[in-house]
Amino acid sequence: MKENKKIEIKSFTKSELAQYLQGLGEPAYRADQIFNWLYNRLSLDYDEMKNIPKTLRKKLNEETHITSLTKVNETFSPVTGTKKFLFNTLDNYNIESVVIPEGKRTTLCVSTQVGCPLDCKFCATGLMGFERNLSVGEIIDQYILTAKEYGKKKITNIVFMGMGEPLLNFQATVKAIENLRNELNTGISRNRITVSTSGIPSKIRALADTSLRVKIALSLHSPFDEVRNSLMPINIKYPLTDTIEALKYYTQKTKTRITFEYLMLEGINDRKEDVKGLARICGSLPSKINLIPFNKIDHMSPAGISATLNPSPKERIEKFANTLREKNITVMIRNTQGDDIAAACGQLAIKSKKGRRIKVF
Ligand code: SAH
Ligand code: SF4
């Protein structure tokens, strides 16, 4: 068991770290130095920090830990360049991150929870159930460990679109973004960070009220409550009108536009009335739509709605996109990059049981 009770150094914001160091009788500027080592030089070892006095390094080693994750596997798709990383937490859960190169961009997709409690009927992570929230350090380390491998300048975008619902792990997500955004100096500015959510109105408003101003993607998947209720149980608690109102507030406060993610499910949300419904929603706030080809999950329940879900055919997706474009809506069709290793974001499916490491590749 690797579990330890030390303080996670990356759970500190810079001012919190300064406070902690002052408690140890150190000047506040040490926090700048340590942040520089952690976030700019991607250091994983206090003993590398030569401008930090040896006695302090020893104290930090005793009281805190630098890394919260260990890489246990990676799978590379030579066709697309997509790489899926499997990380192990100190208490032995497995989580995944994906690096997706797309032209000049290289996007890192990070997880925020072990599993997810929201039980969306199309989602592999949802099928796993929920184990626990990730800590700030566990979220940040997904960046640090992949950036170490790719080089810091290479990763240009971060999307919170891996395992879990980021807004249900609000504090850790916000703190991780704060530390990454402020300290990286890598060009990962706020408009290169996207938080994807199934829609938790109070948390969308709370995010608007921070100074982060990151982009939000809403997993919409249907413009109608009835259909959305059956696909995403969270919609029963927070109907679409409430979520859209919260998103309007977000766009007004942050001057960003919302990306609607829309899985294309044959006969369920790819009909004429869906185009109309989507046009109505898109007309009400600054937004664009990402159409996502549905990746059918092998081990989906044989009963209930999951069993009836099938991907819309390619031609139908293209037609759907064109009809929306005729209504002056910006539409992208996400390619199925990484399909061969099921590595694209939102399709992260591992059985991640505590104490066991289950091979998933
Ligand atoms: N919980 C957040 C972020 C993680 S899911 C959210 O729901 O937005 C990230 C994205 O992957 C979501 O848009 C989700 O709907 C999508 N996704 C889930 N299962 C998928 C599947 N089987 N095929 C394609 N995309 C899927
Ligand atoms: Fe959770 Fe997002 Fe999957 Fe829904 S789609 S179960 S919210 S990870």
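Bear in mind the structure is a predicted one, so any value in this text is a computation, not a measurement.

Chemist: Can you break down the site of ligand 2 residue by residue, with the values?
Modeler: Lining the immediate environment of ligand 2, one finds Cys116, Leu118, Asp119, Cys120, Phe122, Cys123, Gly126, Gly164, Glu165 and Ser198. Each residue belonging to the shell around ligand 2 can be placed in one class, and the counts come to five nonpolar, three polar and two charged.

Chemist: Before we move on, could you go through the packing of aromatic side chains and cite the residues and values that matter?
Modeler: The description of an aromatic ring pair rests on the distance of the ring centres and on the angle between the ring planes. All told, the structure shown has five aromatic pairs when counted by the stated rule. Judged by centre distance (6.0 Å) and plane angle (5°), the ring pair of phenylalanine 85 and phenylalanine 87 falls under stacked. Put simply, the rings of Phe85, Phe87 and Tyr150 touch in pairs and so form one group of aromatic residues. Its end group placed over the ring of tryptophan 37, arginine 41 keeps NZ or CZ at 4.2 Å from the ring centre. Against the face of phenylalanine 170 rests lysine 203, its NZ or CZ located 5.5 Å from the ring centre.

Chemist: Tell me about the environment of serine 222, residues and numbers included.
Modeler: By the element assignment, serine 222 lies in the loop between strand S11 (215-219) and helix H8 (225-231). Residue serine 222 is classed as buried on the basis of its relative accessible area of 0%. In this structure serine 222 touches Val227, Arg228, Leu240 and Tyr262, once residues within four positions along its chain are discounted. Among the polar contacts made by the side chain of serine 222, one reaches the main-chain amide nitrogen of phenylalanine 224 at a distance of 3.0 Å.

Reading the values: rules and limits
- Residues numbered from 1 in each chain as written.
- Chains lettered and ligands numbered in written order.
- Predicted model: local features only at pLDDT ≥ 70, side-chain atom pairs only at ≥ 80, totals over all residues.
- Heavy atoms only, no water.
- Near = heavy atom within 4 Å.
- Nonpolar A, V, L, I, M, F, W, Y, C, P; charged D, E, K, R; others polar.
- Phe/Tyr/Trp six-rings, centres within 6.5 Å; stacked < 30°, edge-to-face > 60°.
- Lys NZ or Arg CZ within 6 Å of the ring centre and 35° of its normal.
- Helix = DSSP H or I, 4+ residues; strand = E, 2+ residues; numbered from the N terminus.
- Buried < 20%, exposed > 50% of the residue type's maximum accessible area, 1.4 Å probe, protein only.
- Contact = heavy atoms within 4.5 Å.
- Polar contact = N/O pair within 3.5 Å; in protein donor to acceptor, adjacent residues only side chain to side chain.

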